[in-house]
Amino acid sequence: MTRIRHVVAAELSKLLSLPSTAVAFAAMVLGPVAVTFLNARNAAYTDPAQAVLSAAPIGTVGAIVLGVVAMSGEYRSGPQESGGGRQITSTLTAMPHRAWLLVAKAIVVVLLVAVAAAFAFLLALVCAHHVLGGGEAGGVPARLFGAAAYWAFTALIALAVTVFTRSGILPLIVLIANGSLVSLSYLLFKVAPAARYLPDLAGIRLFADEDHLAMADALDPVTGGLVMGAWTTGLLAVAALVLHRRDA
Amino acid sequence: MRPRLPRIVTAELLKLATLPVVLSTGVATIAAAPVLAALSGAAAGTHAFGIVAGTVPFLQVGPILLGVLAAGGEYTGGQVRTTLTAMPRRLPVLAGKSAAALLVLLATGTAAAAAGAVTARSGRAPAFGSVHVAMGIVAHLVAMGLLALALAVLLRSVLRPLAALLTLVFVASPLLGGLTEKAYLLPDQAGRLLHDPLPGTTPGTWTGVVVLLAWLTGVGAAATAAFLVRDA
Amino acid sequence: MLSIEKLGKRRGSRVILADVDLRAEPGKVTAFLGPNGAGKSSTLRILLGLDRPTSGTALVHGRAYRSLRDPLRTVGSMLDGPGAHPSRTARAHLAWIARSNGIPRRRVAEVLEQVGLAAHGRGRVGGFSLGMGRRLGLAAALLGEPEALVLDEPVNGLDAEGVRRLRGLVRAHAADGGTVLLSSHLMGEVAAVADDVVVISGGRVVAAGPLSDVTRGHASLEDAYFALTGYERAEGA
């Protein structure tokens, strides 16, 4: 279906022309770099790669914002003098196949997250090496991919939730309050161990080393990654269904 | 021209009361407090208000959203034009809006703190604890709500100040808290000093009050200046 | 009575308004005509205290809008639709406006009746059609029983019944001694309703006076408009 190419291009153009995208991108890149620098300076970590990975949670916020604005902009009422219309009308008349529309948005979001992750970790590694000197822990590239995957899953979950809520408020609150250093899911986990299957906790070993984790008995990286991936796919599938059936 | 402040405050209260999402946020905050208190991992023997104090990092989301909606909501549907043609003098409008928000924040904050404390007390807390801690909790919640309002006036939006403050509270603050001793200069950390000060020589409650007031004054002044000068 | 004298507004290097003079007298309907982007809305926004002019004055009964005690009881206005939050009900929207100016609560039901929205009082503004939203805006303008009405493109989005109702309302208001200033770009409506006309183009007033004066020497108001605003004569209709 060659039309998907056009839709992806259109969605990319849309997302890139939003000011919030630049902010999200900056957060995903500058955040980890800044934190890596601070961590390295404070000698909290001796290994540059570890310093970079510990900074990964910061970029999650940027990923969340990206996923949210990719969808929330469709539902914002336009200025009254221009008729108060919403962008979703133009979007759906241009692309009536709603499931494919969601796929296109998902592709664009993952693309931007991947690019941001590449920049972020590269710059952060350079920065950490500069401050800390050499040092190479095994399996680091794999964990950097893991961190990028965590970001991508989070952004897609944000996208899916924004489809349900048609507003950015709830996804921003729920995801930022959970995806980082002070997690509500973690509180739940201490009461109910099954909570480690929640998406943000499941994927935590994707970037965090066992020794540096406050959470005991987290899912191992591969299992965790699969669980988080399953959540993401499931939520996106439901979102596609909702989008398909709901009035615009 | 003497402004009709009571009327403005009533109008702003009416606005808040008739916005469904504001009501839901208030209710959700008050309902979340007991749940958070129950989930809290506070040490055994902590007083009820102490337990609630531990939940404030999460609880403050409600007041933050309330503050953002109180001001940011004006920029949905072009309502700011209606507000400014009905009440053209901008300083009274801002004052009235802040006063109305303050009342709502006080009510919500107090109710939430009470709900959390009662739950904690009926759980494992041996006693309610000091009233000062309770006041500190409510003060923290109200202050964050007012800060959110000021930021929303400045940014003329709902999502931007929300994302910014959530990032501050859940990402920047914990991070900087672990990296430096000066983290108490952040508004939410300063707020913590009001009800959960660390023992020892670290800054105390009054430092927290000063820092919070400084933030409110600073952002508030910028927001006021912008609101007074900008085109609607 | 509304008086605008030598009003000027620049934004950066752009001149939005230059030397605009306009008077809207009581007992008359004054129409403010001009192409898109000519400065009609900018002028009205300054009159209503929303924006600041770079020079000149815009006064309501000799006073600035911002200095009026309960402005909605003196000037009722409608710019671009209802200016209401989409999640609120129509009644709730009118209720807070009424409260802010000390207008009695009963006026809410009265104006909803007057504009034909009585059945939709409890409906969410977000669900209103374009015409309904405009009627809500008109209701808000009428809440305070003001002496003057300032309406920006009031006919936009109204159906035939709405147009007729508006025309009747506007003429009745002027006949009762009130002042009406409305901006429009619909010739037919203006010709049917206006006593005085002010034509603006490119931020400057190009003609002002009674309808008959402005159309003198032209076949119709439409021809006069195009001639004054410098457009090519429209061939045919």
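Model, not experiment: these values are computed from the prediction.

(A) Spatial organisation of the side chain of Asp 200 of chain A. Residue and element names in this part refer to chain A. When you line up the elements, Asp 200 lands in helix H10 (residues 199–202). The side chain of Asp 200 sits in the buried core without any salt bridge; Arg 196 is the nearest counter-charge, 13 Å away. With sequence-adjacent residues up to four places away left out, Asp 200 is seen in contact with Tyr 150, Asn 178, Gly 179, Ser 183 and Ser 185.

(B) Main features of empty space enclosed by the protein. Enumeration according to the criterion identifies nine cavities of 30 Å³ or more in this entry. Residue lining of the largest cavity: 16 residues in total, with Thr 82 and Thr 85 of chain B together with Ser 77, Met 78 and Pro 82 of chain C positioned closest to the centre. Looking at which element gives the most residues to the lining of the largest cavity, the answer is helix H5 (residues 79–86) of chain B, with four residues. Split by residue class, the lining of the largest cavity holds eight nonpolar, seven polar and one charged.

(C) Local environment of the packing of aromatic side chains. If you walk through the whole model with that rule in mind, you get six aromatic pairs over all chains. Between Tyr 150 of chain A and Phe 207 of chain A, the aromatic rings sit 4.9 Å apart at their centres with planes inclined by 80°, giving edge-to-face as the arrangement. Note that Tyr 150 of chain A is positioned in helix H7 (residues 140–165) and Phe 207 of chain A in the loop between H10 and helix H11 (221–245), a separation of 57 residues in sequence. Each ring, one from Tyr 186 of chain A and one from Phe 189 of chain A, has its centre 6.4 Å from the other, and the planes form 15°; the classification is stacked. Highlighted residues: Tyr 186 of chain A and Phe 189 of chain A, both in helix H9 (residues 184–191), separated by three residues, approximately one helical turn. Between the NZ or CZ atom of Arg 121 of chain B and the centre of the ring of Phe 128 of chain B, over which it lies, the distance is 5.9 Å.

(D) Inspection of the interface of chain C and chain B at higher detail. Contacts between the two partners involve 36 residues from chain C, matched on the other side by 31 residues from chain B. Where chain C packs against chain B, one counts two salt bridges. A salt bridge links Arg 4 of chain B to Asp 70 of chain C; its shortest N-O distance comes to 3.2 Å. One can count twelve residue pairs in polar contact (both at pLDDT 80 or more) joining chain C with chain B. Those elements giving two or more residues to the side of chain C that touches chain B turn out to be strand E1 (2–11) and helix H2 (90–100) of chain C.

(E) Structural detail: the UniProt feature "domain: ABC transporter" (unreviewed entry) in chain C. The UniProt record annotates "domain: ABC transporter" (unreviewed entry) at residues 2–227 of chain C. Here residues 2–227 of chain C runs as 34% helix and 27% strand, with 27 Å between its end C-alpha atoms.

(F) Focus on the domain arrangement of chain C. All names here are of chain C. With domains assigned, chain C is organised as domain 1 (2–74 + 150–236) and domain 2 (83–145). Here the C-alpha centroids of domain 1 and domain 2 sit 24 Å apart. On the domain 2 side, the residues contacting the 16 residues of domain 1 number 17 residues. Taken together, the two surfaces of domain 1 and domain 2 that pack against each other cover about 1300 Å², and 56% of this comes from carbon and sulfur. Remark: the boundary between domain 1 and domain 2 carries zero salt bridges. Seen at the junction of domain 1 and domain 2, the total is five residue pairs in polar contact (both at pLDDT 80 or more). Those elements giving two or more residues to the side of domain 1 that touches domain 2 turn out to be strand E6 (148–152) and helix H5 (160–175). When residues of the side of domain 1 that touches domain 2 are assigned to their parent elements, the largest contribution, four residues, is made by H5.

(G) Structural context of the confidence of the model for chain C. Residues and elements named next belong to chain C. The predicted model of chain C has a mean per-residue pLDDT of 89, with 97% of residues at 70 or higher. Throughout residues 232–237 the model reports pLDDT below 50, and contacts reaching past four residues in sequence, or to other chains, amount to one contact. In the predicted complex, the global pTM is 0.88; the interface-specific ipTM is 0.89.

(H) Broad picture of the packing of helix H1 (residues 3–16) of chain A against helix H6 (residues 98–132) of chain A. Residues and elements named next belong to chain A. Relative orientation of the contacting elements H1 and H6 amounts to 55°, with a least axis distance of 9 Å. Classed by the angle they form, the pair H1 and H6 counts as oblique. Regarding H1 and H6, the two cross each other, and that crossing is right-handed. Across from Ile 4, Val 7, Val 8, Glu 11, Leu 12, Lys 14, Leu 15 and Leu 16 in H1, the residues of H6 making contact are Trp 100, Leu 101, Ala 104, Lys 105, Ile 107, Val 108, Val 109, Leu 111 and Leu 112. Residue classes in the contact of H1 with H6 are distributed as 14 nonpolar, no polar and three charged.

(I) Fine view of the side chain of Thr 215 of chain C. Residues and elements named next belong to chain C. Mapped onto the elements of the fold, Thr 215 is located in helix H7 (residues 211–215). The exposure class assigned to Thr 215 is buried, which follows from its relative accessible area of 17%. In this structure the side chain of Thr 215 is engaged in a polar contact, spanning 2.9 Å, whose partner is the backbone oxygen of Leu 211. Residues contacting Thr 215, with those up to four places away along its chain left out, are Ser 220, Leu 221 and Ala 224.

(J) The arrangement of the UniProt feature "transmembrane region" (unreviewed entry) in chain B in detail. Residue and element names in this part refer to chain B. When the UniProt feature table is mapped onto this chain numbering, "transmembrane region" (unreviewed entry) sits at residues 21–42, 48–73, 94–119, 131–155, 162–185 and 205–229. Across residues 94–119, the secondary structure splits into 100% helix and 0% strand, with the terminal C-alpha atoms separated by 37 Å. Segment residues 131–155 splits into 100% helix and 0% strand. End C-alpha atoms: 36 Å apart.

Cut-offs used in this document
- Residues numbered from 1 in each chain as written.
- Chains lettered and ligands numbered in written order.
- Predicted model: local features only at pLDDT ≥ 70, side-chain atom pairs only at ≥ 80, totals over all residues.
- Heavy atoms only, no water.
- Helix = DSSP H or I, 4+ residues; strand = E, 2+ residues; numbered from the N terminus.
- Buried < 20%, exposed > 50% of the residue type's maximum accessible area, 1.4 Å probe, protein only.
- Lys, Arg positive; Asp, Glu negative; His and termini not counted.
- Salt bridge = Lys/Arg side-chain N within 4 Å of Asp/Glu carboxyl O.
- Contact = heavy atoms within 4.5 Å.
- 1 Å grid on protein atoms, 1.4 Å probe; cavity = no way out; pocket = protein on both sides within 12 Å on 5 of 7 lines; lining within 4 Å.
- Points joined across faces, edges and corners; volume = space filled by probe spheres on them.
- Nonpolar A, V, L, I, M, F, W, Y, C, P; charged D, E, K, R; others polar.
- Phe/Tyr/Trp six-rings, centres within 6.5 Å; stacked < 30°, edge-to-face > 60°.
- Lys NZ or Arg CZ within 6 Å of the ring centre and 35° of its normal.
- Polar contact = N/O pair within 3.5 Å; in protein donor to acceptor, adjacent residues only side chain to side chain.
- UniProt positions renumbered as here; feature names shortened; annotations may be inferred.
- Domains from an automatic or database assignment.
- Buried area = accessible area lost by both parts, 1.4 Å probe.
- pLDDT = per-residue confidence, 0-100.
- Axes fitted to C-alpha atoms, helices over the stretch in contact; angles between N-to-C directions.
- Parallel < 35°, antiparallel > 145°, perpendicular 65-115°, else oblique.
- Left-handed = near helix turned anticlockwise from the far one by under 90°.

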